[in-house]
Amino acid sequence: MTAPEHPAIQPETLRPLLTRAAGRIDLQVLAECDSTNLQLQHRARSGAPAGTLLLTQHQTAGRGRRGRSWYQEGQSLAFSLLWRLPPSTNPSGLSLAVGVAVAEALGPQAQLKWPNDILCDGRKLAGILIESAGPHTYVIGIGINLGSLDGLPGELGHSAASVADAAPLEVLARVIDRLVEVLDSFAVHGFAAVHTRWQNRHAYQDLAVSLYAETDSPPLQGVCRGVDQNGSLLIETATCLQTIASGDVSLRLQ
Ligand code: BTN
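Predicted, not measured: the structure shown is a model, and the values here were computed from it.

About the thresholds
- Residues numbered from 1 in each chain as written.
- Predicted model: local features only at pLDDT ≥ 70, side-chain atom pairs only at ≥ 80, totals over all residues.
- Heavy atoms only, no water.
- Helix = DSSP H or I, 4+ residues; strand = E, 2+ residues; numbered from the N terminus.
- Buried < 20%, exposed > 50% of the residue type's maximum accessible area, 1.4 Å probe, protein only.
- Lys, Arg positive; Asp, Glu negative; His and termini not counted.
- Salt bridge = Lys/Arg side-chain N within 4 Å of Asp/Glu carboxyl O.
- Contact = heavy atoms within 4.5 Å.
- Core = buried A, V, L, I, M, F, W, Y, C linked by side-chain atoms within 4.5 Å.
- Expected span 1.5 Å × (residues − 1).
- Near = heavy atom within 4 Å.
- Polar contact = N/O pair within 3.5 Å; in protein donor to acceptor, adjacent residues only side chain to side chain.
- Areas by Shrake-Rupley, 256 points an atom, 1.4 Å probe, with all protein chains shown as cover.
- Nonpolar A, V, L, I, M, F, W, Y, C, P; charged D, E, K, R; others polar.
- Axes fitted to C-alpha atoms, helices over the stretch in contact; angles between N-to-C directions.
- Left-handed = near helix turned anticlockwise from the far one by under 90°.
- Pairing = 2+ DSSP bridges.
- Phe/Tyr/Trp six-rings, centres within 6.5 Å; stacked < 30°, edge-to-face > 60°.
- Lys NZ or Arg CZ within 6 Å of the ring centre and 35° of its normal.

**Focus on the side chain of Arg 201**
Part 1 of the argument: Topologically, Arg 201 is positioned in the loop between helix H6 (195-200) and strand E8 (208-212).
Part 2 of the argument: For Arg 201, which is buried and forms no salt bridge, the nearest opposite charge comes from Glu 104, at a distance of 4.6 Å.
Part 3 of the argument: Each residue touching Arg 201, except ones within four places of it in the same chain, is listed here: Ala 103, Glu 104, Gly 107, Pro 108, Ala 110, Gln 111 and Leu 112.

Here is the structure:
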């Protein structure tokens, strides 16, 4: 795999492109680190302020959901944002709300798969990993595939999509602006603030799906009806409407 390069992304090049997020983001760029989520968690525990944005050109141990690894290829972006929510905010659905921001910033072709994958034509365009870093404090990690993905290992290369011909700096600015707008609304109204926007981009709406848990039990099968106001998944089975709150499952089209 070749190391991604983002020489154009610097605090002074990002700053003039931000609107909603202007004055609220402190970008720090690392040539290489294990994982921007991990590094930002350390900084959060040492008192780093909300709005600290850590971006790297290369992660040696990029983390994905459910204990998986995250590989970053070509022009792809990997960054983490430190954010704090008011104690009164219900954090349910935070990762889905972040998905809305990322999908909207990436364009009309970007769709959402519960809980927070961003897809293009059924292939993964971007991933989100949110980790707690103290009370009401979140490290929001985002990986976005940009440019050629030729160097991705076989399986991953086939299931991944990428935003072609996009300038990484501009994509980053669009995502951060949209993210701050969504997080501001989320702080006041919770996931309900973006529920309709999530539904509008839902890749599996009204399609037959199977939901696999970690155990060997048979999958839950039914028609996917999107999410409720808390971000829980709704699956209509032959007998009832099931509500699934935990994202620690695998959802597939039948
Ligand atoms: C997923 O499995 O879909 C989530 C992938 C999240 C990857 C990003 S890249 C930046 C941040 N740092 C990490 O180690 N992971 C997240």
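From this point, the narrative continues.
**Focus: the nonpolar core**
Part 1 of the argument: Grouped together as the largest cluster of nonpolar side chains are 64 residues, with contacts concentrated most on Phe 79, Val 102, Leu 106, Ile 118, Ile 142 and Ile 144.
Part 2 of the argument: Sort the elements by how many residues they give to this core and helix H5 (residues 168-189) lands first, with 11 residues.
Part 3 of the argument: Once residues lying within four places of it in the same chain are set aside, the contact partners of Ile 142 are Leu 77, Ala 78, Phe 79, Val 98, Val 102, Gly 127, Ile 128, Val 175 and Leu 179.
Part 4 of the argument: By size, the runner-up hydrophobic cluster in this structure holds 7 residues, among which are Ala 44, Ala 48, Leu 54 and Val 139.

**Some points on H5**
Counting along an α-helix, one turn takes 3.6 residues, and residues three or four places apart therefore face a common direction.
Part 1 of the argument: The end-to-end C-alpha distance of H5, which contains 22 residues, comes to 31 Å, matching closely the 32 Å that a straight helix rising 1.5 Å per residue would cover.
Part 2 of the argument: Just downstream of H5, Gly 190 is the residue with a positive phi angle, here 70 degrees.

**Digging into the site of the ligand**
Part 1 of the argument: Taken together, 20 residues are adjacent to the ligand, and Ser 35, Gln 59, Arg 63, Arg 65 and Lys 124 come closest.
Part 2 of the argument: In the model, an oxygen atom of the ligand is placed 2.7 Å from a nitrogen or oxygen of the Ser 35 side chain.
Part 3 of the argument: The separation between an oxygen atom of the ligand and a polar main-chain atom of Arg 65 is 2.7 Å.
Part 4 of the argument: Protein chains bury 98% of the 410 Å² of accessible surface belonging to the ligand in isolation.
Part 5 of the argument: Every element with two or more residues in the shell around the ligand is listed here: helix H2 (36-45), strand E3 (77-84), strand E6 (123-132) and strand E7 (137-144).
Part 6 of the argument: The leading source of residues in the shell around the ligand is E6, at 4 residues.
Part 7 of the argument: Taken together, the residues of the shell around the ligand sort by class into 6 nonpolar, 10 polar and 4 charged.

**Some thoughts on the packing of helix H3 (residues 94-106) against H5**
Part 1 of the argument: With their axes 8 Å apart at the nearest point, H3 and H5 run at an angle of 140 degrees to one another. Both H3 and H5 take part in a crossing whose hand is right-handed. Here Leu 94, Ala 97, Val 98, Ala 101, Val 102, Glu 104, Ala 105 and Leu 106 of H3 come into contact with H5, specifically with Val 171, Arg 174, Val 175, Arg 178, Leu 179, Val 182, Leu 183 and Phe 186.
Part 2 of the argument: Looking at the contact of H3 with H5 residue by residue, the classes come out as 13 nonpolar, no polar and 3 charged.

**Points about the sheet that holds E8**
Part 1 of the argument: Ordered in space as E11-E10-E9-E8-E12, the 5 strands form an open sheet in which the pairing is antiparallel. The open sheet has two edge strands, strand E11 (241-244) and strand E12 (250-253), and neither has a second partner. For this sheet, the mean inter-axis angle between neighbouring strands, taken without regard to orientation, is 45 degrees.
Part 2 of the argument: The pairing of strand E9 (residues 220-227) with strand E10 (residues 233-236) spans 3 bridges and is antiparallel. Residue pairing in the sheet places Val 223 in a bridge with Glu 236 of E10.

**Description of the packing of aromatic side chains**
Part 1 of the argument: Tallied over the full model, the rule gives 0 aromatic pairs.
Part 2 of the argument: Of note, Arg 252 hangs over the ring of Tyr 212, and the distance from its end group to the ring centre comes to 4.2 Å.

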